[in-house]
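Structure assessment
Residue-level listing of the chains:
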Amino acid sequence: MDFDAMFNAQLGALKEEGNYRIFAELERRCGAFPKARSHDADTPDEVTVWCSNDYLGMGQNDHIRQVMKDTVDQCGTGAGGTRNISGTNKYHVALERELADLHGKDSALLFTSGYVSNWAALGTLGARLPDAVILSDELNHASMIEGIRHSRAQKRIWKHNDPEDLDRQLATLPANAPKIVAFESVYSMDGDICPMKEIVEVAEKHGAMTYLDEVHAVGLYGPRGGGVSEREGLADRITLIEGTLGKAYGCMGGYITGSAAMCDFVRSFSSGFIFTTALPPAVAAAAQASVAYLKDSRAERDAQRDRVAYLRAQLDRRGIPHMDNPSHIIPVMIKDPVKCRMLADILMQDWGIYVQPINYPTVPKGTERLRFTPGPLHSYDDIDHLVEALGVLWKQCAIAHAVA
Ligand SMILES: *Cc1c(COP(=O)(O)O)cnc(C)c1O
């Protein structure tokens, strides 16, 4: 058997379609975010990163870095075990308390990443609640989809951000079956935000639990960074809030928060929680410091909002269409995988602008896009430079000036 030939055949098909992923090799430059050194041939030595999920630049925050370094010196590098077998450190416990407080919940449970938290929590809830039905928004993230699949629970897909469709589907289910409504607050590809109050009301009407992914909102929305559920005053009506420590908080890890019984349930039955090494204590300590910091400091959120508004205004001024949405994510639709990759390559090589082309399967075919995430550390000059480059390319590529 020529296994490599089998691998290469499928890789070849990806390349043919323009959907083969090429990673930019970067060296993030602490103190100079969002600048990074590029280690790819044919690119300038220094590039400006326009697609980072370190939305607020917390990854270079002096205080958080100091906490991480101090904790390494105090506790060493790794946790040394699973949470059950010697791996639970006081920093994990303190972080879980911090996260429960962030969302106004009794308890929180830490995971290695946001992906793992969705996969493990939905997998466990769906598998262990007898006859559970999971109702999943059609644009939910891969980690939720995989968790639901793994649970083997019955699954219903409802129309994206459509509480009426959710209501109709819930009405067809047996009254006594446990129902879980799984959805996100900020959807990261279109940057749209769910109608949370309506979804919660529909779920409550049918006695369903709500499972909310706030990965792209924690740290960014709400007076203390508790996400859209905090901003809308709905956190206490959501059964489970899930988030990440790897995006706005600038560290690594994922979590769920909710009732003490629910967190204890997932802690006790979830293989993805139990059989894996705990996060390094230094990561937990830094993440806690970051969550606590953003509970108090609004400066980063305010500056991010300012840069987002400025970039949108400059794009409008140049006639470059971008998707209108109420979030911090600015998608510019290209609608062709090959053009999308080509534009990204030119931006990188000729302009020192790094934006990763977003192609299938991250988004549906025909909706390929460039996706910009301006943050507090992008200067107005950075933004002007980006808009200048896009303006020039827009003319050259003769892409229709029609709003997506
Ligand atoms: C990134 C992402 C996750 C996974 O979080 P990680 O901490 O990066 O593993 C989960 N849900 C959504 C919607 C995401 O975009």
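Procedures and definitions
Residues numbered from 1 in each chain as written. Predicted model: local features only at pLDDT ≥ 70, side-chain atom pairs only at ≥ 80, totals over all residues. Heavy atoms only, no water. Helix = DSSP H or I, 4+ residues; strand = E, 2+ residues; numbered from the N terminus. Buried < 20%, exposed > 50% of the residue type's maximum accessible area, 1.4 Å probe, protein only. Areas by Shrake-Rupley, 256 points an atom, 1.4 Å probe, with all protein chains shown as cover. Near = heavy atom within 4 Å. Polar contact = N/O pair within 3.5 Å; in protein donor to acceptor, adjacent residues only side chain to side chain. Nonpolar A, V, L, I, M, F, W, Y, C, P; charged D, E, K, R; others polar. Domains from an automatic or database assignment. Contact = heavy atoms within 4.5 Å. Buried area = accessible area lost by both parts, 1.4 Å probe. Core = buried A, V, L, I, M, F, W, Y, C linked by side-chain atoms within 4.5 Å. Phe/Tyr/Trp six-rings, centres within 6.5 Å; stacked < 30°, edge-to-face > 60°.

Counting secondary structure elements, the chain contains 15 helices and 14 strands. With the C-alpha coordinates of the chain rotated into their principal frame, the extents come out at 60 × 55 × 55 Å. Within the chain, the proportion of its 404 residues that are buried is 53%. Working note: accessible area of the chain is about 17900 Å², and carbon and sulfur atoms make up 52% of it.

What follows deals with the site of the ligand. Around the ligand, a shell composed of Ser113, Gly114, Tyr115, Asn118, His141, Ser143, Glu184, Asp213, Val215, His216, Thr244 and Lys247 is seen. A distance of 2.8 Å is found between an oxygen atom of the ligand and a backbone nitrogen or oxygen belonging to Gly114. Here Lys247 contributes a side-chain N or O atom positioned 2.9 Å from an oxygen atom of the ligand. When residues of the shell around the ligand are assigned to their parent elements, the largest contribution, three residues, is made by helix H5 (residues 114-128). Tallied by class, residues from the shell around the ligand come to two nonpolar, seven polar and three charged.

All right, on to the domain arrangement of the chain then. When cut into domains, the chain gives domain 1 (18-49 + 299-403) and domain 2 (62-296). Taken together, the contact between domain 1 and domain 2 spans 17 residues of the former and 20 residues of the latter. Contact between domain 1 and domain 2 buries roughly 1400 Å² in total, counting both sides, with carbon and sulfur atoms accounting for 51%. Together, Glu300, Arg301 and His328 form the three largest contributors to the area buried by domain 1 at its contact with domain 2, with a combined 37%.

Take the nonpolar core next. Counting 55 residues, the largest nonpolar core has Leu99, Val181, Phe183, Met196 and Leu245 as its most contacted members. If you list the elements that add at least two residues to this core, you get helix H2 (62-75), helix H4 (90-102), strand E4 (107-111), strand E5 (133-137), helix H7 (163-171), strand E7 (179-184), helix H8 (196-205) and helix H12 (281-296). Counting residues per element, this core draws most heavily on H12, at eight residues. Once residues lying within four places of it in the same chain are set aside, the contact partners of Met196 are Phe183, Ser185, Leu212, Glu214, Val228, Ser229, Leu234 and Ile238. Counting residues in hydrophobic clusters, the runner-up holds 30 residues, among them Cys51, Ala344, Ile353 and Phe372.

For the structure shown, the criterion picks out four aromatic pairs. Ring geometry for Trp50 versus Phe372: centroids 6.4 Å apart, planes at 75°, classification edge-to-face. Separated by 322 residues along the polypeptide, Trp50 in the loop between strand E3 (46-49) and H2 and Phe372 in strand E14 (residues 369-372) bring together distant segments of the chain. Ring centres of Phe265 and Phe269 lie 5.2 Å apart, and the angle between their planes is 65°; this geometry places the pair in the edge-to-face category.

What follows concerns the side chain of His216. On the secondary structure map, His216 appears in the loop between strand E8 (209-213) and helix H9 (228-231). The class for His216 is buried, based on a relative accessible area of 6%. Within polar-contact distance, the side chain of His216 engages the side chain of Tyr55 at 2.5 Å. Side-chain polar atoms of His216 contact the side chain of Ser188, separated by 3.5 Å. When near neighbours in sequence (up to four residues on either side) are disregarded, His216 contacts Asn53, Tyr55, Val186, Ser188, Tyr221, Lys247, His328 and Arg371.

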